[in-house]
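A look at the structure
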Amino acid sequence: MAENYKYTPQDFKSDQEVKWCPGCGDHAILSAVQRALPEVSNALNYDIERYVFVSGIGCSSRFPYYMKTFGFHGIHGRASAIATGVKVANPKLSVWQITGDGDALAIGGNHFIHAIRRNIDINILLFNNEIYGLTKGQYSPTSKLGAITKTSPFGTVEHPFRPGELVIGAQGKFFARSIDVDVKLTTEIMVEAAKHDGTSVIEILQNCVIYNDKTHSAITDKENREDRTIVIRHGEKMVFGKNRDKGLILSGISLKVVTIGEGGFSMDDILTHDAFAPNPGVHMMLANMEYPEYPVALGVIRNVKDSTYDDNVRDQVLDVMKTAKIKSVDDLLHSGETWEVK
Amino acid sequence: MSKQKQVLELDHVVVRFSGDSGDGMQLTGTLFSDASALFGNSVCTFPDYPSEIRAPQGTVSGVSGFQVSIGTKKVNTPGDYCDVLIAMNPAALRANAKWVKAGGMIIVDADTFNEKGLQRAGFKTDNPIEELKLEDYKVIFADITNLTKESLKDSGLDMKSIVRCKNMFALGMVYYIFDRPLNYTEHYYEVKFKKKPEVIEANKKVLKDGYNYAGNIQAIANTYTIPSSTTIPKGTYRNVNGNTATAWGFIAASEKSGLPLFCGSYPITPATEVLIELAKRKDLGVKTLQAEDEIAGICTSIGAAYAGNFAVTSTSGPGLSLKSEAMGLAVMTELPLVIVNVQRGGPSTGLPTKTEQSDLFQALYGRNGECPMVVIAASTPSNCFDFAFTAGKIAMEHMTPVVLLTDGYIANGTEPWKIPSMKDFPAINPPIVPEGTEGYMPYARDEKRLARSWAFPGKKGLEHRVGGLEKDFIKGSVSHDPINHQKMTDIRAAKVERVKEFIPEQDVFGDKEGDLLVIGWGGTYGHLLTAVQKIREEGKSVSLCHFNYINPLPKNVKEIFGHYKKILVCELNMGQFANYLRMNFQEFNYNQFNKVQGLPFTVVELVDKFNKVLEGK
Ligand SMILES: Cc1ncc(C[n+]2csc(CCOP(=O)(O)OP(=O)(O)O)c2C)c(N)n1
Ligand code: SF4
Ligand SMILES: [Mg+2]
């Protein structure tokens, strides 16, 4: 596109009919992505051909078909690996992985943690509806303990993953959380993720109206949202609540919710979010906060710089090539011990 | 030194080096083979090592062997049985005595034949010769360990390092017996231990002392010489094993296509060296990714193929199983990809370090759905280069995944290789879509190859989506239309079948018609050729039809088969290729010779089988 072309969300909409159930949280996420990419394009000077959307299998993984970008709808669980290959093959691309809680954390758990460990520069949007949507309602690795689903008629007996904990445990450098209904926040986080070099994981709490309706509603419903979630931003105080009178402090080795102006706590006592802190301690606590004990943290929880896999691969190749004696296959074939038959 | 000894001329000899896995037998054998190749002989090697890195010392399970066959004329196998066996301990003798030709020579390190050593090797008496019934063999008990200690007592090396040189003493003895020059091996020490002059000197001294010792003892009555060949084509040569040749063939295809090479892979015996060789080649821009498992290995490669690299993935049997689903994805997305499977004994973990050809069906059919794929097989260590190149060419030009089958035997076996020149290799022209092409249709095809075209992300105007769901015949959008699925299934099959038009016709060694056509494929070539040559020398009407192109089969196969009274399919599995041929050409009657012992065929058993089939037994 022309240098000063301004992309609009419309530029990112494909001609394919969107086939998610009416009321599915995926619609809102799609629209957040289509709103975010023009902003990313403007911020980073990316043209549309630079974006690649890679997914696995699941309702959420249909996503690439609805984008007018390059797209790869892979196989169940393997999106992280496919996306890794795309990025290493051409590090200039802006690679986005779309994945469900089953796709990323059950069948694809291994690829997910290894992509994060390598810190390959891809952006992973994890649609967490705590259920297998596409296969019609079996529990997933994020389903709450005791959840009644088609394959757990008496309730699950297994402990769920907390995606943030898993990401940080795998040495993740970028973890953020949003909710499907907050298109504005999702858009804001996506732009941050795009700017971050390295694996970015955005967990999006998504509602599956058909098989797990209202699983997140305790925190996402409009009337309670401000009291039950906390949107954190780097450099800002961690306050929340309708009246913005509640905040987080560090008490001993744990986080604690206090009311500002009560019990002797003032704004000065409230923690300021440092998303750039390499030490994952507070980030882990923030990521693990669960309602009702805590508000659920939204926003960019962790955003730490480190070298990326794709840069390291490229640099190593360039480095070795600089002093290389072997410059062609002919050179290679003649390297080492050879002899002449005359 | 050897004044009073007789020098006898031989045209072919087989030597087997064996010892504990820690005794350095692979290196010793390689040095002997390299020295012989440099001397101008034809050589063929067979490493035979245990899967345990360090099995209990001195036990039969820890024995590592390396067989070298050298000849004046072209040798195509490492030999069934050896003329000379070097056994560095009682276990090595026990494990390998059965591979020595009747009356052959056996050199043992006498110092290891003590009570403990014999016991560990499982001997019940203190007379291993009697126990193994080797009375009619020329067994030479040499005090190899002690002579090595004596030789190096002033070297300044510690005792452990000194003892470690004993394999070179043995090598020196073999050099004497077979009249090999020492200079090549001395040069090897100089390069290998560049920073350790004392180690260079020590090795040289031991080698020489072993050489002289052999010259002085009465037990070695004669020495032998294997004249260098005058028929070897002129040119520059090197040694190469199949895995290295495979890796280099991929790099060659990358160079000829102008696309960077990407390999996503997970280590597995005996395929790991392909990844290792590629990992070394950062100088040629090769990107290797050691993935978290085989699934990620192939999926990263598929991603890289989508993004415009020449992508390959390397593995062996169990890894191929893990890759199956993703191979289907590559078929469905019609992306170029080479999957090299270095076959080993199966099923399951099976015989990790031993050779077999039992993954043929898996390569042909081991996927869900109608999922045809090009399958080709290399047949010698050095032609792994050619077939890796060809696999890349077919994959990229026909936009299809290709399975390249090799096996543990050719992957680890080495042979001298007349170094080819890249200018003699054809160009590779993948159907890459130019930037800015308007109205790009991902699944539109060229008429000649039926290949769709390849549009790289990052190129303007080519945005499109691919994936594992069935796609519309032209547009590539998701389609569940019944007729479309039939059409797509048909065209994917037709595309693979079309490769037939681009591969060479099948050739036959021997007569164009006759009593018996021996059929083989892949890594059994050397043994089958040698056996067919042998039986033809006896005047029998036997020919060899050895396959490299398996799916699709060359055009003229049926025509060839019709010219022989009998057909015998020989393979290291229970009859997979025979059944495949039965399915394709039902009008012929196929005799089979199958073996799954983790070992190559022997020429003796092949000739025996040919005779039986000829006699109608
Ligand atoms: C190898 C394989 N196993 C199982 C399936 C069936 N399957 C498809 S999607 C899915 C779960 C999807 O759940 P999730 O990843 O949470 O995505 P959602 O549909 O909820 O968005 C399963 C089990 C499959 N397609 N492939
Ligand atoms: S099943 Fe659930 S997740 Fe899938 S499209 Fe419908 S609402 Fe969305
Ligand atoms: Mg889900």
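Residues numbered from 1 in each chain as written. Chains lettered and ligands numbered in written order. Predicted model: local features only at pLDDT ≥ 70, side-chain atom pairs only at ≥ 80, totals over all residues. Heavy atoms only, no water.

1. Some remarks on the site of ligand 2
In plain terms, the rule: Throughout, the term near means that a residue has one or more heavy atoms lying within 4 Å of the molecule or strand in question. When residues are sorted by character, Ala, Val, Leu, Ile, Met, Phe, Trp, Tyr, Cys and Pro go into the nonpolar class, Asp, Glu, Lys and Arg into the charged class, and all the rest, Gly among them, into the polar class.
In the neighbourhood of ligand 2, the contacting residues comprise Trp20, Cys21, Cys24, Cys59, Asn129, Gln206, Cys208, Val209, Ile210 and Tyr211 of chain A. Of the residues assigned to the shell around ligand 2, the class counts are eight nonpolar, two polar and no charged.

2. Structural notes on the interface of chain B and chain A
The condition is simple: When checking whether two residues touch, look at their non-hydrogen atoms; a contact exists if any pair is within 4.5 Å. Note: buried area is the sum, over both parts, of the accessible area (probe 1.4 Å) each one loses when the two are combined. When a carboxyl oxygen of Asp or Glu is within 4 Å of a side-chain nitrogen of Lys or Arg, the pair counts as a salt bridge. We define a polar contact as two N or O atoms separated by no more than 3.5 Å, with the added condition that, inside protein, one atom must be a possible hydrogen donor and the other a possible acceptor, whereas residues neighbouring each other in sequence contribute only through side-chain atom pairs. Whether two strands pair depends on DSSP finding at least two bridges between them. Here a helix means four or more residues in a row that DSSP labels H or I, a strand means two or more in a row labelled E, and each is numbered from the N terminus.
Listed per partner, the contact involves 69 residues of chain B and 56 residues of chain A. Summing the contributions of chain B and of chain A, the shared interface buries around 5100 Å²; its carbon and sulfur component is 65%. Of all residues in chain B, the largest losses of buried area upon contact with chain A belong to Lys282, Glu292 and Arg465 of chain B, amounting jointly to 13% of the total for that side. If you look at where chain B meets chain A, you find three salt bridges. Measuring nitrogen to oxygen at the nearest pair gives 2.6 Å for the salt bridge that ties Glu292 of chain B to Arg118 of chain A. Seen at the junction of chain B and chain A, the total is 25 residue pairs in polar contact (both at pLDDT 80 or more). A per-class count over the side of chain B that touches chain A returns 37 nonpolar, 17 polar and 15 charged. Sheet topology note: the strand β12 (residues 339–341) of chain A/strand β9 (residues 235–241) of chain B ladder contains three bridges and is antiparallel. Across the sheet, the residue bridging to Val341 of chain A is Gly235 of chain B, located in β9 of chain B.

3. Thoughts on the site of ligand 1
Rules: A 1.4 Å probe and the Shrake-Rupley method give the accessible areas. Residues count as covered only by the protein chains that appear here.
Around ligand 1, the structure places 17 residues, and the nearest of them are Cys59, Ser60, Asp101, Gly102 and Asp103 of chain A. Mapping the residues adjacent to ligand 1 onto the chains of the assembly identifies chains A and B. Taking Asn129 of chain A, its side chain carries an N or O atom lying 3.0 Å from an oxygen atom of ligand 1. The backbone of Ile131 of chain A places a nitrogen or oxygen atom 3.1 Å from an oxygen atom of ligand 1. Here ligand 1 loses 77% of its free accessible area of 590 Å² to cover by the protein chains. Ranked by residue count, the leading element in the shell around ligand 1 is helix α3 (residues 101–107) of chain A, at four residues.

4. Topic: the packing of helix α10 (residues 242–257) of chain B against helix α11 (residues 272–279) of chain B
Residues and elements named next belong to chain B. Definition in use: Fitted lines through C-alpha atoms give the axes, limited to the stretch in contact for helices. The angle between two N-to-C directions lies from 0 to 180 degrees. Each angle gets one of four labels, with under 35 degrees taken as roughly parallel, over 145 as roughly antiparallel, 65 to 115 as roughly perpendicular, and the rest as oblique. Left-handed describes a crossing whose near helix is turned anticlockwise from the far helix by less than a right angle; the clockwise case is right-handed.
Packing of α10 against α11 brings their axes to within 8 Å, and their N-to-C directions diverge by 50°. Considering the angle they form, α10 stands oblique to α11. With respect to the hand of their crossing, α10 and α11 are arranged in right-handed fashion. Each of Asn243, Thr244, Thr246, Ala247, Trp248, Phe250 and Ile251 in α10 lies in contact with α11, whose residues at this interface are Glu273, Val274, Glu277 and Leu278. Partitioning the contact of α10 with α11 into residue classes produces six nonpolar, three polar and two charged.

5. Comments concerning the packing of aromatic side chains
All names here are of chain B. Put simply, the rule reads: Centres within 6.5 Å make a pair out of two Phe, Tyr or Trp rings, where for Trp the six-membered ring is used; the pair is then stacked when the planes are under 30 degrees apart, edge-to-face when over 60, and tilted otherwise. Each residue's exposure class comes from its accessible area (1.4 Å probe, protein chains only) as a fraction of the maximum for that residue type: buried when under 20%, exposed when over 50%, partly exposed otherwise. Whether a charge lies above a ring is judged from NZ of Lys or CZ of Arg, which has to be within 6 Å of the ring centre and within 35 degrees of the ring normal.
Throughout the structure, instances matching the rule amount to 37 aromatic pairs over all chains. Relative to Tyr213, the ring of Phe169 has its centre 5.6 Å away and its plane inclined at 50°; by these criteria the two rings are tilted. In this pair, Phe169 is assigned in helix α7 (residues 166–177) and Tyr213 in helix α9 (residues 197–216), connecting sequence segments 44 residues apart. With respect to class, Phe169 is no different from Tyr213; both count as buried. Three or more aromatic residues joined by ring pairs make a cluster, and in this case those are Trp521, Phe547, Phe561, Phe577, Tyr580, Phe585, Phe588 and Tyr590. Residue placement shows Arg452 over the ring face of Tyr443; its charged tip is 5.0 Å from the ring centre.

6. Some points on the domain arrangement of chain B
One frequent convention defines the size of an interface as the accessible area lost when the parts assemble. Residues and elements named next belong to chain B. Heads up, the rule is: An automatic or database domain assignment is the source of the domain bounds shown.
Taken as a whole, chain B is organised into domain 1 (7–225), domain 2 (239–424) and domain 3 (514–614). Relative to domain 2, the C-alpha centre of domain 1 lies at a distance of 35 Å. Listed per partner, the contact involves 16 residues of domain 1 and eleven residues of domain 2. Where domain 1 abuts domain 2, roughly 1000 Å² becomes buried across the two surfaces, and 49% of that area is made up of carbon and sulfur atoms. Remark: the boundary between domain 1 and domain 2 carries one salt bridge. Among the salt bridges present, the one from Asp48 reaches Lys354, with a minimum N-O distance of 2.6 Å. Summed over the shared surface of domain 1 and domain 2, the number is three residue pairs in polar contact (both at pLDDT 80 or more).

7. Description of the environment of Thr215 of chain A
All names here are of chain A. For Thr215, the position within the fold is in the loop between β6 (200–205) and α7 (217–220). The spacing of Thr215 and Lys322 is 107 residues in sequence and 56 Å in space, taken between C-alpha atoms. Setting aside chain neighbours within four positions, we find Thr215 in contact with Asn129, Glu130, Lys144 and Asn207. Within the structure, Thr215 has its side chain in polar contact with the side chain of Glu130 (distance 2.8 Å).

8. A word on the state of the cysteines
All names here are of chain B. Where we set the bar: Two cysteine sulfur atoms form a disulfide, by the criterion used here, when they sit within 2.5 Å.
A complete count under the given rule lists zero disulfides over all chains for this structure. Note on Cys263: no disulfide assigned, nearest cysteine sulfur contributed by Cys299 at a separation of 14 Å. Using a relative accessible area of 0% as the deciding quantity, one classes Cys263 as buried.

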